[in-house]
Amino acid sequence: MSDIDIRVRGHAGRITLKRPKALNALTYDMLRAIEAAVDAWRADTAVALVVFDAEGDKAFCAGGDIADLYRTGMAGDFAYGQQFWRDEYRLNAKLAGYSKPIVSFLQGFTMGGGVGIGCHASHRIVGETSRIAMPECGIGLVPDVGGSLLLARAPARLGEYLGITGTRMGPGDAIHVGFADHYLPEAHWPDTIAALCDTGNAPAPASEPPPEAPLAEKGAAIAEIFETHGRDLPAIRDALAKIDPDAAKALDRNAPLSMACTLEILARVRAAPTMANALGQEYRFTARAMEHGDFLEGIRAAIIDKDRNPRWKHVLGGVTEAQVHAMLAPLEKEFAP
């Protein structure tokens, strides 16, 4: 497959994303190819570890290729998207619980589906260009691919902040929040990967002190906002405006239903912080997102018409608790890894 290069080099299973012009966005076929490879390597004694990287300097993976999701959803076919998400989440769970070390190299943008394959690895390497985010509320989804577990584990209520604003983390912030482990200048990555292949040894490569983490400085103020205002989005927005105007503007842009459900999901996942629970809560929303949520409108505004003017179903503060619970109610066919 020209979009992805899967091979064994030395002691390493190597997976390289090869769609740099599309910011290495994941297609359904790429996801299935990755799953087949990691399934095969699990029992292959010649493979000691798995290495993920990507071509190009702009992105490790900026998300999923959602053109087919939009096309099928607009045609009234919601089953295609539900199956896509079930298959993607199954892969995310396998990577998070993999029996061998996985080392991911996360240059440039790592967002959405890229987080799902890169940020559940056992050894997550960031460099000077790394920008990691969960921007799903901007397109009518919620942070998914197991991202809700990473957000729920973040310190100082930064998970809620990142989940509803979609703020991009630089390398220092990504390590501080828990989306990455080690900082290594990108000029050293080729030699590091070669050494991993040659030795099969998975202790993290030698790393340097990460850059500063601006979110660490804001952590106490952000925590106070969410502890004081709970899930009151207008109050959160007004409080954020005093310390982070860009974050407040993001709340004005993003889908209110998605943000309200994100806060509920993070509360549920924090209470039971397992990958299975996180993916299950996320799937309850995504399975309904086309028919009952704002996903199709979000994609129309961002990708299809590109007018950046989505017409959400709710205004900020207009989502009721009953509507949140309806989106996150148990499904007849729940997700199970």
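Structural data are supplied above this passage.
Heads up: these notes are all about the structure in this document. Since this is a predicted model, take the numbers as computed values, not measurements.

Definitions and cut-offs
- Residues numbered from 1 in each chain as written.
- Predicted model: local features only at pLDDT ≥ 70, side-chain atom pairs only at ≥ 80, totals over all residues.
- Heavy atoms only, no water.
- Helix = DSSP H or I, 4+ residues; strand = E, 2+ residues; numbered from the N terminus.
- Rg over C-alpha atoms; globule rule 2.2 N^0.38 Å.
- Buried < 20%, exposed > 50% of the residue type's maximum accessible area, 1.4 Å probe, protein only.
- Pairing = 2+ DSSP bridges.
- Contact = heavy atoms within 4.5 Å.
- Expected span 1.5 Å × (residues − 1).
- Salt bridge = Lys/Arg side-chain N within 4 Å of Asp/Glu carboxyl O.
- Axes fitted to C-alpha atoms, helices over the stretch in contact; angles between N-to-C directions.
- Phe/Tyr/Trp six-rings, centres within 6.5 Å; stacked < 30°, edge-to-face > 60°.
- Lys NZ or Arg CZ within 6 Å of the ring centre and 35° of its normal.

Another aspect to go through is the overall build of the chain. Looking only at helices and strands, the chain features 15 helices and nine strands. Taken against the 2.2 N^0.38 rule, which gives 20 Å for 337 residues, the C-alpha radius of gyration of the chain at 19 Å falls within 12% of a compact globule. Dimensions along the principal axes, computed over C-alpha positions, put the chain at roughly 55 × 45 × 40 Å. Taking all 337 residues of the chain together, 56% fall into the buried category.

The next subject is the sheet that holds strand β3 (residues 49-54). The strand order across the open sheet built from six strands is β1-β2-β3-β5-β7-β9, with neighbouring strands paired in mixed fashion. Of all strands in the sheet, those bounded by a partner on one side alone are β1 (4-9) and β9 (182-183). Examined bridge by bridge, strand β2 (residues 12-17) and β3 share six bridges and lie parallel to one another. Counterpart to G13 in the pairing with β3 is V50.

Now for the side chain of T110. Checked against the element boundaries, T110 lands in strand β6 (residues 109-111). Look past the residues within four positions of T110 in its chain and what remains in contact with it is F60, C61, V115, C119, R131, I132 and A133.

Since the α-helix turns once every 3.6 residues, residues separated by three or four places project in the same direction. Between its first and last C-alpha atoms helix α9 (residues 214-229) spans 23 Å; for 16 residues at 1.5 Å apiece the expected length is 22 Å, and the two agree. Along α9, the positions that sit buried rather than exposed are L215, G219, I222, A223, I225 and F226. Turning to α9, the residues buried within the fold contact α6 (158-165), α7 (171-177), α10 (233-243) and α12 (256-271). Note on α9: the residue one or two positions beyond its end, G230, has a positive phi of about 60°.

Turning next to the pattern of salt bridges. Counted according to the given criterion, the structure contains 23 salt bridges. The closest approach of N and O atoms between D3 and R19, which form a salt bridge, is 4.0 Å. You can see D3 sitting in the segment before β1 and its partner R19 sitting in the loop between β2 and α1 (28-42), a full 16 residues away along the chain. Residue D3 is classed as partly exposed on the basis of its relative accessible area, which comes to 23%. Measuring nitrogen to oxygen at the nearest pair gives 2.8 Å for the salt bridge that ties E264 to R268. Here R268 and E264 lie together in helix α12, a separation of four residues that amounts to about one turn. Connected through salt bridges with shared partners, the residues E35, D39, R42, D87, R90 and K94 form a single ionic network.

The subject of this paragraph is the sheet that holds strand β4 (residues 59-61). Ordered in space as β4-β6-β8, the three strands form an open sheet in which the pairing is parallel. A strand with exactly one partner marks an edge of an open sheet, and here the two such strands are β4 and β8 (131-133). In this sheet, adjacent strand axes meet at a mean angle of 15° when their direction is disregarded. Taken together, the two bridges between β4 and β6 define a ladder with parallel strand orientation. By the bridge assignment, C61 is partnered in β6 with T110.

A few words now on the packing of aromatic side chains. Within this structure, the stated rule accounts for seven aromatic pairs. On the basis of an interplanar angle of 70° and a centroid distance of 5.7 Å, the ring pair of W85 and F295 is categorised as edge-to-face. Residue W85 is found in helix α3 (residues 79-96), and its partner F295 is found in helix α14 (residues 295-304); the two are separated by 210 residues along the sequence. Classification of W85 as buried rests on a relative accessible area of 3%. Linked through ring pairs, Y28, Y80 and F84 together constitute an aromatic cluster. Above the ring of Y28, the side-chain terminus of R32 is found at 5.2 Å from the ring centroid.

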